[in-house]
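Below, each chain spelled out in residue letters.
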Amino acid sequence: MHNIVSAREIAEKIARLDSWESAYPSNWAVKPAGGETFFVSAVKGEVPEIKVRLMLVRGWEAFTKIQLLRRNPAAVLAFTPGDVEHDEVIYQKDGSITFVSFFPGFVPETADDVTAQGVVKTLWETFGLLMRFEEDPELPGSFASEKAMFCREEYEPGRWRDAPCPIPENPIKFERRISLDNAKIAKAKTLEMRKDAAWEIAFTAIPQLITKDEKPRICYLFAAADAAGGKGVFAQVFSVPPARLPDGLAKIWEHLAQETLDRILAAGFAPSEIHVSDIRLLNMMRPLGMNLPFKMTVKRRTPAVDAYIDALRETRFKAIQGIGGAEEEK
């Protein structure tokens, strides 16, 4: 690799090349010998201080999730690409470069450099590709007729070639496993359903609230408020397990219907309506709605629960029971 030994050296070469316009909005693949395939894309920064996020995503499943988040967010149990495992090289407008690793439910880890050979090789091939894209803008689509992405493949150690990366014929299906306690369902069916009661329910990440672990985790808030009066009904904070489980965040989503059932039992009555602002949340609650006859609706605005969450922020979430080992990020 021409004495290029660190990811930072390559990242700096890419920065000096400054050929991002030729990379938008293409995606390409890099397949180091004996390792995972990386799917690469350059994304314009969404905040003023960031110029470009160079995303390195391992494997079709993670890449598919990130692509779906852009086109059909309702299909993925993630709030942002940061909820999907991947690496990024972040180029800031002040010229600084940071390496960031994302894992679902965990605070992103930053570094000045990385040594993983898969990342180093992928960046080196990307450097060469960016120069080629400038000369041949059609190159990223070279294998489109074969229903394949453009890929740089290491077919022998140190030897690379252009190759197709076939797009799977059958799209990846993300299964959702939602289970409810049958005994609690039976008990809830005996409760009064109040026709004048409607709850607004929200599930959201609280980035400023993290756990106190060596590898801190992000906290997620599940909250409900009375749609008419605005009074808070419940608020519960969740975080993924300390062990890095790829489906840790998905399991929280899958638990929300049972959590709502528990809260209905604690209230001693069931609301006649539940309003949510996110179709993903509606989908996760649907099994509960199939057992209890309340009406569930997606609303463009949920002002009552939004105001309740804002009030919790103002009190630094101290009103939430069971918040455990979380603390505000300084």
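Residues numbered from 1 in each chain as written. Predicted model: local features only at pLDDT ≥ 70, side-chain atom pairs only at ≥ 80, totals over all residues. Heavy atoms only, no water.

Draft legend 1. Expanded view of the sheet that holds strand 2 (residues 38-44). Read from one edge of the open sheet, 8 strands run 6-5-4-3-2-1-7-8, paired in mixed fashion. Single-partner strands in this sheet number two, and they are strand 6 (109-111) and strand 8 (159-166). Across the sheet, the mean angle separating the axes of adjacent strands is 25° when strand polarity is ignored. Pairing between strand 7 (residues 148-156) and strand 8: 8 bridges, direction antiparallel. By the bridge assignment, alanine 148 is partnered in strand 8 with proline 166. Across the sheet, helix 1 (residues 7-17) is in contact with strand 3 (50-58), strand 4 (86-92) and strand 5 (97-102); its angle to strand 5 comes to roughly 120°. (Pairing = 2+ DSSP bridges. Helix = DSSP H or I, 4+ residues; strand = E, 2+ residues; numbered from the N terminus. Axes fitted to C-alpha atoms, helices over the stretch in contact; angles between N-to-C directions. Contact = heavy atoms within 4.5 Å.)

Draft legend 2. Geometry of the pairing of strand 1 (residues 27-31). In this sheet, strand 2 lies alongside strand 1 in antiparallel orientation, the contact comprising 4 bridges. Following the sheet pairing, asparagine 27 is matched in strand 2 by serine 41. Hairpin connection of strand 1 to strand 2: 6 residues between the antiparallel strands, including glycine 34 at a positive phi of 70°. Relative to strand 7, strand 1 is paired through 3 bridges, and the arrangement is parallel.

Draft legend 3. Region of the structure containing helix 1. Residues of helix 1 that are buried: Ala7, Ile10, Ala11 and Ile14. Here the buried residues of helix 1 occupy an arc of 100° about the axis, which is enough to place them on one side. In the core, the buried residues of helix 1 are packed alongside helix 2 (20-23), strand 3, strand 4, strand 5 and helix 4 (117-135). Just past helix 1, the residue aspartate 18 takes up positive phi, approximately 50°. (Buried < 20%, exposed > 50% of the residue type's maximum accessible area, 1.4 Å probe, protein only. Arc of directions from axis to C-beta.)

Draft legend 4. Up close: helix 7 (residues 279-289). Those residues of helix 7 that sit buried are Arg280, Leu281, Leu282, Met284, Met285 and Leu288. Where helix 7 is buried, its residues contact helix 5 (182-188), strand 9 (192-211), strand 10 (218-226), helix 6 (248-267), strand 12 (269-276) and strand 13 (295-298).

Draft legend 5. Seen up close, the environment of phenylalanine 238. Within the fold, phenylalanine 238 resides in strand 11 (residues 232-238). Residues phenylalanine 238 and glutamate 9 lie 229 residues apart in sequence; the distance between their C-alpha atoms is 40 Å. When near neighbours in sequence (up to four residues on either side) are disregarded, phenylalanine 238 contacts Ile218, Cys219, Tyr220, Phe222, Ile252, His255, Leu256 and Glu259.

Draft legend 6. Quick peek at the nonpolar core. Grouped together as the largest cluster of nonpolar side chains are 37 residues, with contacts concentrated most on Ile201, Phe203, Phe222, Trp253, Leu281 and Leu288. Among the elements that make up this core, the one with the highest residue count is helix 6 (7 residues). If near-sequence neighbours (up to four positions away) are discounted, phenylalanine 203 is found in contact with Phe79, Tyr220, Leu221, Phe222, Ile252, Trp253, Leu256 and Leu281. Listed in part, the 32 residues of the second largest apolar core include Ile10, Trp20, Leu123 and Ala148. (Core = buried A, V, L, I, M, F, W, Y, C linked by side-chain atoms within 4.5 Å.)

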